[in-house]
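What follows is each chain in one-letter form.
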Amino acid sequence: MKIYRARVLNIISLNKVEDFRNGYVAVDNHGKFFDYGEFSDSKLNKLKRVCPDLEVIDFTDYIILPAFIDMHLHLPQFHLRGRYGVSLLDWLKNHIIPAETKLTYEEQAHSYIKAFYEELYRNGTTTAVIFSSASTSFTDKAFEVASELGFRVILGKAMMDRKYLSMGLKVENAQKAMHDSIKLYEKWHKSKDYLFYAFSPRFAPATSEKLLKLVGEFAQKNDVYIHTHLAETQEEVKLVKKLFPKYKNYTEVYYRTGILGPRTIVAHAIHLKESEYKLLAKTNTKVAHCPSSNFFLHSGQADTQKMVQYGIELGLGSDVGAGPSFSLFTIMRDAYYVRKMPPPEAFYYATLGSAKALGLEKYIGNIGIGKDADFLVIKYPYWCRKDSSTDILMSQLMFLGNDHLTLETYSRGVLKYRKAN
Ligand SMILES: [Zn+2]
């Protein structure tokens, strides 16, 4: 067993945070949190009686936080961040689709993917919901590397069978896209307790009704995640209206084809009518709110207040590469700029809220006895007093924090990243 002494900030709910100033977390040999709270000698002696060979690691000048969860990002866009685009569809056509097309990367795939997961670890993120490219072999490799690095993924091959946005891409037909996705699902889904497959129709403009229905039917009969995009821009909403004339709106396209449900994550969900919020709530569909990406592409901003009112569960996503930053600190700050939210609420969406939305709150999301020991250790920033109140500390971390703060990241009790001196 290992005991890490630090100031421990733990997220309990939307508006409840635990703050142990002279705190500790105890991690057992299986990588689970064994105990945590305010440190004392009597506590240490008690733990020593349970585990005589325990090791104490002193981070008393540091802060421990639950590890972050990124609810939406794109692996093949790792190298495409910060590329200016006039609009979502323009950006996809000019920068993203052509580059993803070239992403066979057979030789470089391993190092490319490894660098991507390492960047997540460097940012204190240990779980992510990830779009791969349309390549089956690249997606297979993405799982292989996640398995090697112990990175928790909800990952899937992008499914695209419509020519419109697939310029240059070898367009698969719906059956082939489905067949290859099922093969990947059978090979990887829950093959380890941190690997999950997500069927990933890119978004309605890139998929046929037939493909959406195939995914929907499969999801009715099987335990699967579905990951897609919804109503990111007005231009896209108009396009969907044109491509799917018999449906009342964008959300209804997904609803009628069986795409929505409690294991479905839709990114963005910005340009929605009242009836669409109702459909998301009725189907218990989850939303990945990606404020940095939405600022970057000037897509509009999601009405998360309305989502909360409807009881729609949400988490925060970086949406790399439209989102320039992997840092959930930055995403939390941008979420605040979209809508005033108290820091504990933003931290909740970056951790436990996402875990709940993914149905994984029994295992991850915060510091809890028996949960996987996923946490990060951050330096006390020079701009923050050590005797700051909980509110001020969280607020400053949210507005001023970034990737540079991470000293170490642990997943299931294993050190995954340590900042070089
Ligand atoms: Zn996206």
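Heads up: the structure comes first, above all this text.
The model shown is predicted, which means the values in this text are computed figures rather than measured ones.

**A short note on the overall build of the protein chain**
Reasoning step 1: Within the protein chain, the secondary structure is distributed over 15 helices and 16 strands.
Reasoning step 2: For 421 residues, the compact-globule formula gives about 22 Å, and the C-alpha radius of gyration of the protein chain, at 21 Å, lands near that figure.
Reasoning step 3: In terms of its C-alpha atoms, the protein chain occupies a principal-axis envelope of roughly 70 × 45 × 40 Å.
Reasoning step 4: Burial statistics for the protein chain: of 421 residues in total, 62% are counted as buried.
Reasoning step 5: Considering only residue pairs separated by 6 or more positions, the protein chain has 74% of its internal contacts joining residues 24 or more positions apart.
Reasoning step 6: A total accessible area of about 16,300 Å² is found for the protein chain, and carbon and sulfur atoms account for 51% of it.
Reasoning step 7: With 56 positive and 46 negative side-chain charges, the protein chain shows a separation of 3 Å between the mean positions of the two kinds.

**Regarding empty space enclosed by the protein**
Reasoning step 1: Taken as a whole and assessed by the stated rule, the structure comprises two cavities of 30 Å³ or more.
Reasoning step 2: Of the pockets and cavities examined, the largest cavity occupies roughly 100 Å³.
Reasoning step 3: Lining the largest cavity are H74, Q77, L88, W91, L92, R202, F203, H229, E232, H268, D319 and A322.
Reasoning step 4: Here the element with the most residues in the lining of the largest cavity is helix α2 (residues 88-101); it accounts for three residues.
Reasoning step 5: Residues belonging to the lining of the largest cavity are distributed by class as follows: five nonpolar, four polar and three charged.
Reasoning step 6: Lining the second largest cavity are P66, A67, F68, I69, T126, T127, I364, G365, N366, D372 and D374.

**What to know about the side chain of H271**
Reasoning step 1: Looking at where H271 falls in the secondary structure, it is placed in the loop between β11 (264-268) and α9 (274-282).
Reasoning step 2: Polar contacts involving the side chain of H271 include one to the main-chain carbonyl oxygen of E232, which spans 3.4 Å.
Reasoning step 3: Within polar-contact distance, the side chain of H271 engages the backbone oxygen of S299 at 2.7 Å.
Reasoning step 4: In contact with H271, other than residues within four places in its own chain, are A231, E232, T233, Q234, V237, E276, S299 and G300.

**Brief notes about helix α15 (residues 390-400)**
Reasoning step 1: Those residues of α15 lying buried are T390, L393, M394, L397 and M398. Looking down the long axis of α15, one finds its buried residues gathered within 125 degrees of arc, a one-sided arrangement.
Reasoning step 2: The secondary structure elements touched by the buried residues of α15 are β1 (2-13), β2 (16-27), β4 (55-66), α12 (328-338), α13 (343-350) and β14 (375-379).

**Description of the coordination of the zinc ion**
Reasoning step 1: Around the zinc ion, the donor atoms from the protein are H72 (NE2), H74 (NE2), H229 (NE2) and D319 (OD), and they sit 2.1 to 2.4 Å away.
Reasoning step 2: Around the zinc ion sit four donor atoms; with metal-centred angles ranging over 85 to 172 degrees, the donor geometry is irregular.
Reasoning step 3: Here the donor residues for the zinc ion map to a single chain with the spacing H-x1-H-x154-H-x89-D. Of this pair, H72 sits in strand β5 (residues 68-74) while H229 sits in strand β10 (residues 225-230); the two residues are 157 residues apart in sequence, bridging distant segments of the chain. Neither H72 nor H229 differs from the other in exposure class; each is buried.

**Digging into the pairing of β14**
Reasoning step 1: Extensive coverage of β14 is indicated by the burial of four of its five residues.
Reasoning step 2: Sheet analysis places β4 next to β14, joined by five bridges and oriented antiparallel. Bridging across to β14, I64 finds its partner in V377.
Reasoning step 3: Examined bridge by bridge, β14 and strand β15 (residues 406-411) share four bridges and lie antiparallel to one another. Directly across from I378, in β15, lies its bridge partner T406.

**Side note on the nonpolar core**
Reasoning step 1: Core analysis: the largest hydrophobic core is formed by 105 residues, its most contacted members being Y117 and F199.
Reasoning step 2: Counting residues domain by domain, this core receives three or more from each of domain 1 (2-66 + 367-418) and domain 2 (75-326).
Reasoning step 3: When sequence neighbours within four positions are dropped, the list of residues in contact with F199 reads M159, M178, S181, I182, Y185, V215, F218, V224, Y225, I226 and H227.
Reasoning step 4: F33, I367, F375 and L407 belong to the second largest nonpolar core, which has 17 residues in total.

**Re the pattern of salt bridges**
Reasoning step 1: Within the structure shown, the criterion is met by 24 salt bridges.
Reasoning step 2: A salt bridge links K43 to D35, with the nearest nitrogen and oxygen atoms 3.9 Å apart.
Reasoning step 3: Salt-bridge contacts for E209 lead to K246; the nearest nitrogen and oxygen are separated by 3.2 Å. On the criterion of sequence distance, the pair formed by E209 in helix α6 (residues 209-221) and K246 in the loop between α7 (234-243) and α8 (250-256) is long-range, its members being 37 residues apart.
Reasoning step 4: When salt bridges that share partners are traced, they join K32, R152, D372 and D374 into one network.

**With respect to the packing of aromatic side chains**
Reasoning step 1: According to the stated counting rule, one finds 32 aromatic pairs in the structure shown.
Reasoning step 2: On the basis of an interplanar angle of 90 degrees and a centroid distance of 5.9 Å, the ring pair of F196 and Y225 is categorised as edge-to-face. Taken together, the positions of F196 in strand β9 (residues 195-201) and Y225 in strand β10 put the pair 29 residues apart, joining distant regions of the chain.
Reasoning step 3: Looking at F196, the relative accessible area reads 6%, which means it is buried.
Reasoning step 4: Using a relative accessible area of 5% as the deciding quantity, one classes Y225 as buried.
Reasoning step 5: Relative to Y254, the ring of Y250 has its centre 5.5 Å away and its plane inclined at 50 degrees; by these criteria the two rings are tilted. One end of the pair, Y250, and the other, Y254, are both in helix α8, four residues apart, so they sit about a helical turn from each other.
Reasoning step 6: Its end group placed over the ring of F39, R5 keeps NZ or CZ at 3.8 Å from the ring centre.
Reasoning step 7: Directly above the aromatic system of Y194 lies the positively charged group of R412, at a separation of 4.1 Å from the ring centroid.

Conventions we followed
Residues numbered from 1 in each chain as written. Predicted model: local features only at pLDDT ≥ 70, side-chain atom pairs only at ≥ 80, totals over all residues. Heavy atoms only, no water. Helix = DSSP H or I, 4+ residues; strand = E, 2+ residues; numbered from the N terminus. Rg over C-alpha atoms; globule rule 2.2 N^0.38 Å. Buried < 20%, exposed > 50% of the residue type's maximum accessible area, 1.4 Å probe, protein only. Contact = heavy atoms within 4.5 Å. Areas by Shrake-Rupley, 256 points an atom, 1.4 Å probe, with all protein chains shown as cover. Lys, Arg positive; Asp, Glu negative; His and termini not counted. Charge placed at Lys NZ, Arg CZ, Asp CG, Glu CD. 1 Å grid on protein atoms, 1.4 Å probe; cavity = no way out; pocket = protein on both sides within 12 Å on 5 of 7 lines; lining within 4 Å. Points joined across faces, edges and corners; volume = space filled by probe spheres on them. Nonpolar A, V, L, I, M, F, W, Y, C, P; charged D, E, K, R; others polar. Polar contact = N/O pair within 3.5 Å; in protein donor to acceptor, adjacent residues only side chain to side chain. Arc of directions from axis to C-beta. Donors = N, O, S within 2.8 Å, 3.2 Å for Na, K, Ca; no water. Tetrahedral: all angles 85-135°; square planar, octahedral: opposite > 155°, others 65-115°. Pairing = 2+ DSSP bridges. Core = buried A, V, L, I, M, F, W, Y, C linked by side-chain atoms within 4.5 Å. Domains from an automatic or database assignment. Salt bridge = Lys/Arg side-chain N within 4 Å of Asp/Glu carboxyl O. Phe/Tyr/Trp six-rings, centres within 6.5 Å; stacked < 30°, edge-to-face > 60°. Lys NZ or Arg CZ within 6 Å of the ring centre and 35° of its normal.

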